[in-house]
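Take a look at the letters that make up each chain.
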Amino acid sequence: MFGLGLATKIYLAVEAVDMRKGFEGLYGLVRDQLGQDPLSGHLFLFANRGKTRLKALVWDGSGLWVCAKRLEKGRFRWPAAANARSVVMRPEELAMLVNGLDLAQARPRKNWLRRAPAA
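Residues numbered from 1 in each chain as written. Predicted model: local features only at pLDDT ≥ 70, side-chain atom pairs only at ≥ 80, totals over all residues. Heavy atoms only, no water.

Here's the deal with the nonpolar core
Operational definition: Only buried residues count toward a nonpolar core, which is a set of Ala, Val, Leu, Ile, Met, Phe, Trp, Tyr and Cys residues joined through side-chain atoms within 4.5 Å. Classification of residues uses two cut-offs on accessible area relative to the type maximum, computed with a 1.4 Å probe and protein chains only: under 20% is buried, over 50% is exposed, and between them is partly exposed. In this description a helix means any DSSP run of H or I spanning at least four residues, a strand means any run of E spanning at least two, and both kinds are numbered starting from the N terminus. Contacts are assigned to residue pairs with any non-hydrogen atoms lying within 4.5 Å of each other.
Ranked by size, the top nonpolar core spans 17 residues in total, and within it I10, L12, L43, L45, W78, M89 and L97 carry the most contacts. Every element with two or more residues in this core is listed here: β1 (10–13), β2 (43–47), β3 (53–59), β5 (86–89) and α2 (91–98). Those residues within four positions of L97 in sequence are excluded, and the remaining contacts are L12, L45, F76, R77, W78, M89 and L103. By size, the runner-up hydrophobic cluster in this structure holds 11 residues, among which are A13, M19, V30 and F44.

Observations regarding the side chain of H42
Rule in force here: N or O atoms within 3.5 Å of each other form a polar contact, as long as, within protein, one can give a hydrogen and the other can take it, and as long as residues adjacent in sequence are counted only when both atoms are side-chain atoms.
Structurally, the position occupied by H42 is in the loop between α1 (23–33) and β2. At a separation of 2.9 Å, a polar atom in the side chain of H42 contacts the main-chain amide nitrogen of K9.

A few points about α1
Of the positions making up α1, those classed as buried are L26, G28, L29 and V30. Trailing α1 by a residue or two, G35 shows a phi angle of about 70°, which is positive.

Structural notes on the pattern of salt bridges
The cut-off we apply is this: Salt bridges are defined as contacts in which a side-chain nitrogen from Lys or Arg sits within 4 Å of a carboxyl oxygen from Asp or Glu.
Summed over the entire model, instances satisfying the criterion amount to 5 salt bridges. Taking the shortest distance from any N to any O, the salt bridge between E72 and R70 comes out at 2.9 Å. No difference in accessibility class separates E72 from R70, as the two residues are exposed. Two residues, R90 and E93, come together in a salt bridge whose shortest N-O distance is 3.5 Å. Salt bridges linked by common partners bring R90, E92 and E93 together as one network.

Listed below in structure tokens is the structure:
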């Protein structure tokens, strides 16, 4: 199974994708349309036009994973981006998206940062 490390970025393709695409088709989309390296270890998400299905492509160091999810009811709340082919998101946003939550309604809290005492 693959895991998401701290350095793993999550890219969402903004435009709809033909869900018949497999390993090679998604690999080509990542390389040619998103301008990213499919073998980077980052996670790439794609959705169909109706936003009822999604596919993920990720390299785990020894091979590519393609995972899919189909919703029985409702739609994924896919973020929009102006003049961009992809959106970068955090792992917690991915969890919310996959579980059917609307990211636009979520309000992230400001992170608390401990400051080292001045020396």
